[in-house]
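Letter by letter, the chains look like this.
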Amino acid sequence: MSGHSTYKPSNGFTKWIDSRLPIVRLVHDAGVSYPTPKNLNYWWTFGGILTLCLGIQIITGIVLAMHYIPQTDLAFASVEHIMRDVNYGWLLRYVHANGASMFFIAVYVHMFRGLYYGSYKAPREILWILGVLIYVLMMASAFFGYVLPWGQMSFWGATVITNLFSAIPVVGQSISTWLWGGYAIGDPTLNRFFSLHYLFPFLIVGVVVLHIWALHVTGQNNPTGVEPKGDKDTVPFTPYATAKDALGMSLFLILFAYFVFFNPLGLGDVANSEIANPLKTPPHIVPEWYLLPFYAILRAVPDKLGGVLLMFSAIAVLFVLPWLDTSKVRSARFRPIYKQFFWLHLIVCIGLGWCGAQTPDLVITHVGSAESGINFTVTHLARILSFYYFFHFIILFPLLGLIEKPKPLPESISASVLGTAKS
Amino acid sequence: MKMTMIQKLAPFAAVAALTLGVAFSSAPAQAEGGENPGLKHVAWSFDGPFGTYDRSELRRGYKVYKEVCSTCHSMNLVHFRNLSEKGGPEFSEAEVKALAAGYQVQDGPNEQGEMFERPGKQSDPFPAPYPNEEAARAALGGAYPPDMSLLVKAREGGASYIYSILTGYTTPPAGAEAVPAGLHYNAAFPGNHIAMPQPLNEGQVDYDDGTPNTLDQEAKDVSAFLAWASEPKLEQRHRLGFQVMVFLIVLSGLLYTVVRKVWSDQH
Ligand code: HEM
């Protein structure tokens, strides 16, 4: 897509095509001759895995949509009809439902990979921003999708999330009403969520194209964070990266298949096997696991509007990371201090996820004497972790780049591969 | 130090370990206050990756459901024809026809525009004991017996939870809250006060296959039947899953050798 092309049409027919619509050239340059750093490790296979996940969601989703009915009286039964009567309907539905989880596992690996190796840094800012945009669209798609089967958690999850908008001063309530298409969640809501759930994955496809385009302009980052210095640092995408990506996908599919076939409900909530009942609030409303860290941040703030703002900021901060990081060096391999904080931040994110799944007043431990001490609850922990989440990006990112003394960088990728610099 | 190929694949082990950790820790964590203390874990024939239903258990379970539970609980998503399908109780078609014909169901309108009663057919869903929720509540002192089609999937603990409820009617422990009138003490029910009177007793259902009809046996059988009703495609899923796993493992092995071959000129 950029740089000069190495494609050579081999016969008259391909020459004819190439001078009219150089589509074969495009595929060749992007997927065959495209130079990739030769030292990429398996954390780099998750980009291909994500593309696979998106494809799986779209294909299973389109077939599910042929049988699904977006009407509150019939939605739950139509999904059960898919599970019981449609040929291999249970497979489609379990692949789609677990596929969403797998998609998020892959995207989180992919994003933390970027954070570790500094892939968001210049000249890859737009590439990173497009990635964050994909992530946001994924969360929206998954949220809409989760409402469709019209189980208890579908309904109550949607209620909690759409109610967040009512925290906005003055216009909040009108926004909620507008989103619902009425004064409560009902048929109009379900219908529009279905429409948007069908649309958003295709928006993702569009952004993925831009993401890959940007990738092919800047080239991939690599574990050393040192840009390739010529042909000896790179290998052609095919067969080198294609082979590794294929192995990565196959291994990932083993995990995927384990959930689909042997533990299809393991990542979900039992309450969603019960039909939505607006009169019966479940004892414990929780979103799907991949949204839990944000849910924890939301609940950590005593004020509703404050919680909503902080939650959205937790995502928004990702967009500006390239400018918060002042380090000259990309890869955490050569950043001894950042490396420690990277792992701490990962643990904090998992900890926030844990907090999001618990009841807020659950007592973790009691501090002080039996009579006068205080109970340290999930809310307290969530506050500390939320604080660190922002501290990490807003304070540490700019600061570390200034105070940290990076280890010496290898001369080039091939020098590091040959072991002249320790990796 | 050079990493071996297997070490390089460690990312996948790490991702799998983390995901499985989340999957196994989240279920009890989500149930308020941890795991239900009244839950008795039963080893089911359908547990595990090779699990299958026990046909005779499902047939006995159907009998318990039909004679006892179906007088209060509906099971709207299950049809008579499901009873003869593979992977279930696998009654013969003739048996299922006869079972269905034992019920009168409403159909119509006919050419005169009137609704009429006819004997049940295989394609009919299980008839519900009450026409609607209000009727059920009116008849049962305000309590509503939940539909049983998905009950096993909709409760933490699954079939073991159903079994625990059925065998969980005990005298309240000393110091427990007084049980309000119309409710019953049950060790497995959240809050311990359940509106359903003990539905099953020792010797209540006569089994056709001569199995001793202890409470424990009846409770297990009907719980297994409800598990099948919730997840009728489990056997098909396990079988296909095994084939897919074998395929993916062989494929990964082949791809592993391909990667080694392709990269052999690079190290
Ligand atoms: C970004 C890609 C996608 C994600 C992350 C996603 C996610 C989800 C989720 C979480 C559910 C709820 C599953 C459940 O618990 O049962 C769902 C349901 C559904 N999705 Fe998607 N989806 C995606 C793409 C699509 C597409 C492209 C279509 C249609 C063209 C589609 C159609 C459906 C339908 C009909 C349902 C309801 C049936 C069911 O609940 O299984 N999805 N989706």
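Keep in mind it's a predicted model, so treat the numbers as computed, not measured. (Residues numbered from 1 in each chain as written. Chains lettered and ligands numbered in written order. Predicted model: local features only at pLDDT ≥ 70, side-chain atom pairs only at ≥ 80, totals over all residues. Heavy atoms only, no water.)

S.K.: So, the overall build of chain A: which residues are in play, and what are the values?
M.R.: Within chain A, the regular secondary structure consists of 16 helices and 4 strands. Computed over the C-alpha atoms, the radius of gyration of chain A is 24 Å, within 12% of the 22 Å expected from 2.2 N^0.38 for a compact globule of 423 residues. Over its C-alpha atoms, taken along the principal directions, chain A stretches across nearly 65 × 65 × 45 Å. Here the contacts in chain A between residues at least 6 apart in sequence split such that 78% fall between residues at least 24 apart. Of the roughly 18800 Å² of accessible surface on chain A, a fraction of 71% belongs to carbon and sulfur atoms. Charged side chains in chain A number 26 positive and 20 negative. The centres of these two groups are separated by 11 Å. (Helix = DSSP H or I, 4+ residues; strand = E, 2+ residues; numbered from the N terminus. Rg over C-alpha atoms; globule rule 2.2 N^0.38 Å. Contact = heavy atoms within 4.5 Å. Areas by Shrake-Rupley, 256 points an atom, 1.4 Å probe, with all protein chains shown as cover. Lys, Arg positive; Asp, Glu negative; His and termini not counted. Charge placed at Lys NZ, Arg CZ, Asp CG, Glu CD.)

S.K.: Describe the domain arrangement of chain B, with residues and values.
M.R.: Residues and elements named next belong to chain B. Here chain B is partitioned into domain 1 (51-75 + 133-238) and domain 2 (79-124). Computed from C-alpha atoms alone, the centre-to-centre distance between domain 1 and domain 2 is 24 Å. Residue-level contacts link 10 residues of domain 1 with 10 residues of domain 2. Approximately 930 Å² of surface area, both sides summed, lies buried where domain 1 meets domain 2, with 58% of it carried by carbon and sulfur atoms. Taken as a group, Arg-59, Tyr-62 and Trp-228 account for 57% of the area that domain 1 buries against domain 2, more than any other trio of residues on that side. (Domains from an automatic or database assignment. Buried area = accessible area lost by both parts, 1.4 Å probe.)

S.K.: Outline the site of the ligand, supporting the account with residue identities and numerical values.
M.R.: All names here are of chain A. Around the ligand sit 23 residues, and of these Arg-93, His-96, Gly-145, His-197 and Tyr-198 come closest. Contacts to the ligand include Arg-93, whose side-chain N or O atom sits 2.9 Å from an oxygen atom. According to the grid-proximity analysis, the pocket containing the ligand is the largest cavity. Of all the secondary structure elements, the ones that give two or more residues to the shell around the ligand are helix H3 (46-65), helix H5 (89-117), helix H6 (125-147) and helix H9 (187-218). The leading source of residues in the shell around the ligand is H3, at 6 residues. (Near = heavy atom within 4 Å. Polar contact = N/O pair within 3.5 Å; in protein donor to acceptor, adjacent residues only side chain to side chain. 1 Å grid on protein atoms, 1.4 Å probe; cavity = no way out; pocket = protein on both sides within 12 Å on 5 of 7 lines; lining within 4 Å. Sits in = over half its atoms within 2 Å of the grid points.)

S.K.: Please set out empty space enclosed by the protein residue by residue, giving values where relevant.
M.R.: All names here are of chain A. Counting across every chain of the model gives 7 cavities of 30 Å³ or more. If you add up the space inside the largest cavity, you get close to 930 Å³. Lining the largest cavity we find 43 residues, and of these His-96, Ala-97, Gly-145, Tyr-146 and Pro-149 sit closest to its centre. Secondary structure elements with two or more residues in the lining of the largest cavity: H3, helix H4 (75-84), H5, H6 and H9. (Points joined across faces, edges and corners; volume = space filled by probe spheres on them.)

S.K.: Any details on the interface of chain B and chain A? Residues and values, ideally.
M.R.: If you look at the interface, chain B gives 53 residues, while chain A gives 55 residues. Roughly 4800 Å² of surface becomes buried between chain B and chain A when both sides are summed, with 69% attributable to carbon and sulfur atoms. Residues Arg155(B) and Glu274(A) are paired through a salt bridge, measuring 2.9 Å at the closest nitrogen-oxygen approach. Connecting chain B to chain A are 12 residue pairs in polar contact (both at pLDDT 80 or more). Looking at the side of chain B that touches chain A, the elements with two or more residues in it are helix H1 (5-8), helix H2 (10-30), helix H7 (215-230) and helix H8 (234-263) of chain B. Its residues assigned to classes, the side of chain B that touches chain A comprises 32 nonpolar, 10 polar and 11 charged. (Salt bridge = Lys/Arg side-chain N within 4 Å of Asp/Glu carboxyl O. Nonpolar A, V, L, I, M, F, W, Y, C, P; charged D, E, K, R; others polar.)

S.K.: Which residues make up the packing of helix H8 (residues 172-180) of chain A against H9(A), and what values do they have?
M.R.: Residue and element names in this part refer to chain A. For the pair H8 and H9, the least separation of the axes is 7 Å and the interaxial angle reads 70 degrees. Comparing the axis directions of H8 and H9 gives the class roughly perpendicular. Facing H8, whose interface residues are Trp-178, Leu-179 and Trp-180, H9 presents Pro-188, Thr-189 and Arg-192. Split into classes, the residues belonging to the contact of H8 with H9 amount to 4 nonpolar, 1 polar and 1 charged. (Axes fitted to C-alpha atoms, helices over the stretch in contact; angles between N-to-C directions. Parallel < 35°, antiparallel > 145°, perpendicular 65-115°, else oblique.)

S.K.: Can you explain the state of the cysteines? Please cite residues and give values.
M.R.: Under the defined criterion, the tally for this structure stands at 0 disulfides over all chains. Here Cys355(A) stays free of any disulfide, with the sulfur of Cys349(A) as its closest cysteine sulfur at 12 Å. In this structure Cys72(B) is a free cysteine whose sulfur lies 8.8 Å from that of Cys69(B), the closest cysteine sulfur available. We classify Cys72(B) as partly exposed; its relative accessible area is 27%. (Disulfide = S-S within 2.5 Å. Buried < 20%, exposed > 50% of the residue type's maximum accessible area, 1.4 Å probe, protein only.)

S.K.: I'd love a proper account of the packing of H3(A) against H5(A), names of residues and values included.
M.R.: A packed helix pair is summarised by two numbers, namely the angle formed by the two axes and the spacing between the axes. All names here are of chain A. In contact at an axis separation of 9 Å, H3 and H5 are set at 155 degrees when each is read in the N-to-C sense. Taken together, the axis directions place H3 and H5 in an arrangement best described as roughly antiparallel. In this structure, H3 crosses over H5, and the sense of that crossing is left-handed. Of H5, the residues touching H3 (which contributes Phe-46, Gly-47, Ile-49, Leu-50, Cys-53, Leu-54, Ile-56, Gln-57, Thr-60, Gly-61, Val-63 and Leu-64) are Leu-92, Arg-93, Val-95, His-96, Gly-99, Ala-100, Met-102, Phe-103, Ala-106, Val-107, Val-109 and His-110. Here the contact of H3 with H5 is composed, by residue class, of 16 nonpolar, 7 polar and 1 charged. (Left-handed = near helix turned anticlockwise from the far one by under 90°.)

S.K.: Help me get a handle on H5(A), residues and values and all.
M.R.: All names here are of chain A. For H5, spanning 29 residues, the distance from its first C-alpha to its last is 41 Å, which sits close to the expected 42 Å at 1.5 Å a residue. Of all the bends in H5, the greatest measures close to 30 degrees and is centred on Gly-99. With 28 of 29 residues buried, H5 lies mostly within the body of the structure. The first or second residue beyond H5 is Gly-118, which carries a positive phi of 65 degrees. (Expected span 1.5 Å × (residues − 1). Bend = angle between axes of the 7 residues up to and from the residue.)

S.K.: Give me the lowdown on the pattern of salt bridges, citing residues and values where you can.
M.R.: All told, the structure shown has 23 salt bridges over all chains when counted by the stated rule. When salt bridges with common partners are traced through the structure, they connect Lys121(A), Asp325(A), Arg335(A) and Glu404(A) into a single cluster.

S.K.: Give me the lowdown on the side chain of Thr234(A), citing residues and values where you can.
M.R.: Residues and elements named next belong to chain A. As for its placement among the helices and strands, Thr-234 is situated in strand S2 (residues 234-236). Note on Thr-234: relative accessible area 17%, which makes it buried. Those residues in contact with Thr-234 that lie beyond four places of it in its chain are Pro-35, Thr-36, Pro-37, Lys-38 and Pro-228.

S.K.: Can you tell me about the side chain of Thr162(A), naming the residues and giving the values?
M.R.: Residue and element names in this part refer to chain A. Topologically, Thr-162 is positioned in helix H7 (residues 152-164). One polar contact links the side chain of Thr-162 to the main-chain carbonyl oxygen of Ala-158, over a distance of 2.6 Å. Apart from the residues lying within four places of it in its own chain, the contact partners of Thr-162 are Ser-176, Trp-180, Ile-185 and Phe-193.

S.K.: Go over the confidence of the model for chain B with me, naming the residues and quoting the values.
M.R.: Caution applies to low-pLDDT regions: their predicted coordinates should not be interpreted in detail. Residues and elements named next belong to chain B. The predicted model of chain B has a mean per-residue pLDDT of 93, with 95% of residues at 70 or higher. Here residues 28-32 is modelled with pLDDT under 50, and outside its nearest four sequence neighbours on either side it reaches 13 contacts, counting other chains as well. Across the whole predicted complex the pTM is 0.95, and at the interface the ipTM reaches 0.94. (pLDDT = per-residue confidence, 0-100.)

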